[in-house]
Amino acid sequence: MRFPLIYISFLTISMLYSQQGNYVRKSISSPRTVLISESSIKNLNFDYRSFERFLNFYIEIPRFDQNKLPEKVISNFKKKAKLINRFDYVKISRLLNKTIISEILEILNDPDIQKSRLKNFRDESQFYSFADIKGKSLNLNSEELKSMMNSAYIYIPYISSAKSYTNKQKIVKQDTIIKYKKGVTKEKIKYDTLEVIDKYAVEINGGIIWYRLNIDKSGETKVNMIENITASSSSQYNPSDYNSRIKYKRFYFGNDSWRTSPEQYIQNDAMLSFCKELGLRTKKIKDFQLSAQIIEANRGTYGIDIGRAEGLNLDDGFYIYDLEEDINGKEIERKIGYARVIKTGNNLENPNNLSYIKQIMGPIAAEGSYIREHAKLGLSLDIQIGSSSDIRIKPKHTSLIFGDIDQNIIV
């Protein structure tokens, strides 16, 4: 346990976000439940277990420290959430303000807790002694109070609608009826119209709301919403396709897999895409973007002090920045390059183990420059070897205008 971080994360919270190039781990909490009402689910046996599994994988990532909100704080929230027929941003915000947020503010704005933030405890045992005594008066144990004081962010995932639907195709079938009468053969054609399902689809809509707990110099806490991320996803298959029915009998997620019906597979596929999108857009929130200062520089290869502990992966992309002064003497950041991770340092075991990135765009940077994550979904490419002739690549096709890296092709 890194006890001093409890107070650093609050007493200097306004400073942390102004420091350039240093990623400070963020502590996050949630009610540990997905807001979804039965009236929002149509023609679907919703797979809560798989959805929460996907959501936790993409939201509760290594760059965050996880905290559990005490039951006292979320019990009223859960009770009132059951009375809501359909969830949206407005309803959720009102519910949170009346329950979880009001409970948090009541606890964290207690005069004794405010004073404790301004006080430097000599060691962790001294803090636990305070937390044990104060926690009892608030009907919390010391661990729950510590969790409350250490949670800088709260997120609420929700689903506004989840449904399945089918498309039916009309097929005309004809039969020939042969009748025999006194040696005469007569033929009559019979037509039947059949409805065949040619598409089964699942569609999911919803989002995730992020809040930040801000503590001022006097120790008073305020809660502000920083982002309402919305997402939508769908998946489908053709029930009349025999190969599809065979293909969708088992769902794979990482190193794990489980048996499914084709309909369950399609639901899981839509859920997975939905949670991926929420995870990607969460990483794009500026507070949560990985960043680091360049502490080693060698001809376009740079050493940085984030790694496996923050969930850094090979080929992750980062923009490179420098600080400059404008005409008024105010510091502004200037994007000067782009780089990708070529080696992830194992800073879980050795905090001094560096990661390395290789610059692929822009002028060579120096020590003191800093990088910020360019979050994106991973791509899976099937590469085929072949050849072609009569291809002419003109200079204008290879020129790069530095901007959003997604708009450019890097060779």
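This one's a predicted model, so the numbers in the text were calculated from it and none came from an experiment.

Caption draft 1: The pattern of salt bridges, seen in detail. All told, the structure shown has 12 salt bridges when counted by the stated rule. Put simply, K136 and D132 hold a salt bridge, and the shortest N to O gap is 3.7 Å. Residue K136 and its partner D132 are both found in helix α8 (residues 124-137); the two are separated by four residues, about one turn of the helix. Residue D132 is classed as partly exposed on the basis of its relative accessible area of 35%. One network of salt bridges, in which partners are shared, links D110, D112 and K134.

Caption draft 2: Representation of the sheet that holds strand β14 (residues 355-361) in the model. The strand order β9-β15-β12-β13-β14-β11-β10 describes an open sheet built from seven strands, whose pairing is antiparallel. Two strands close off the open sheet at either side, each with one partner strand: β9 (291-293) and β10 (296-298). Strand after strand, the sheet turns through a mean of 35° between neighbouring axes, direction not considered. As paired strands, strand β13 (residues 331-343) and β14 are joined by five bridges and run antiparallel to one another. Each bridged residue has a counterpart across the sheet, and for A339 the counterpart in β14 is Q359.

Caption draft 3: Fine view of the packing of helix α3 (residues 48-59) against helix α11 (residues 262-283). Direction vectors running N to C along α3 and α11 enclose 25°, while the axes themselves pass 8 Å from each other. As far as their axial angle goes, α11 and α3 are roughly parallel. The interaxial crossing formed by α3 with α11 has right-handed handedness. Of the residues in α11, those touching α3 at S50, F51, F54, L55, Y58 and I59 are N268, M271, L272, F274, C275, K276, L278, G279 and T282. Looking at the contact of α3 with α11, its residues break down into 10 nonpolar, four polar and one charged.

Reading guide: rules and limits
Residues numbered from 1 in each chain as written. Predicted model: local features only at pLDDT ≥ 70, side-chain atom pairs only at ≥ 80, totals over all residues. Heavy atoms only, no water. Salt bridge = Lys/Arg side-chain N within 4 Å of Asp/Glu carboxyl O. Helix = DSSP H or I, 4+ residues; strand = E, 2+ residues; numbered from the N terminus. Buried < 20%, exposed > 50% of the residue type's maximum accessible area, 1.4 Å probe, protein only. Pairing = 2+ DSSP bridges. Axes fitted to C-alpha atoms, helices over the stretch in contact; angles between N-to-C directions. Parallel < 35°, antiparallel > 145°, perpendicular 65-115°, else oblique. Left-handed = near helix turned anticlockwise from the far one by under 90°. Contact = heavy atoms within 4.5 Å. Nonpolar A, V, L, I, M, F, W, Y, C, P; charged D, E, K, R; others polar.

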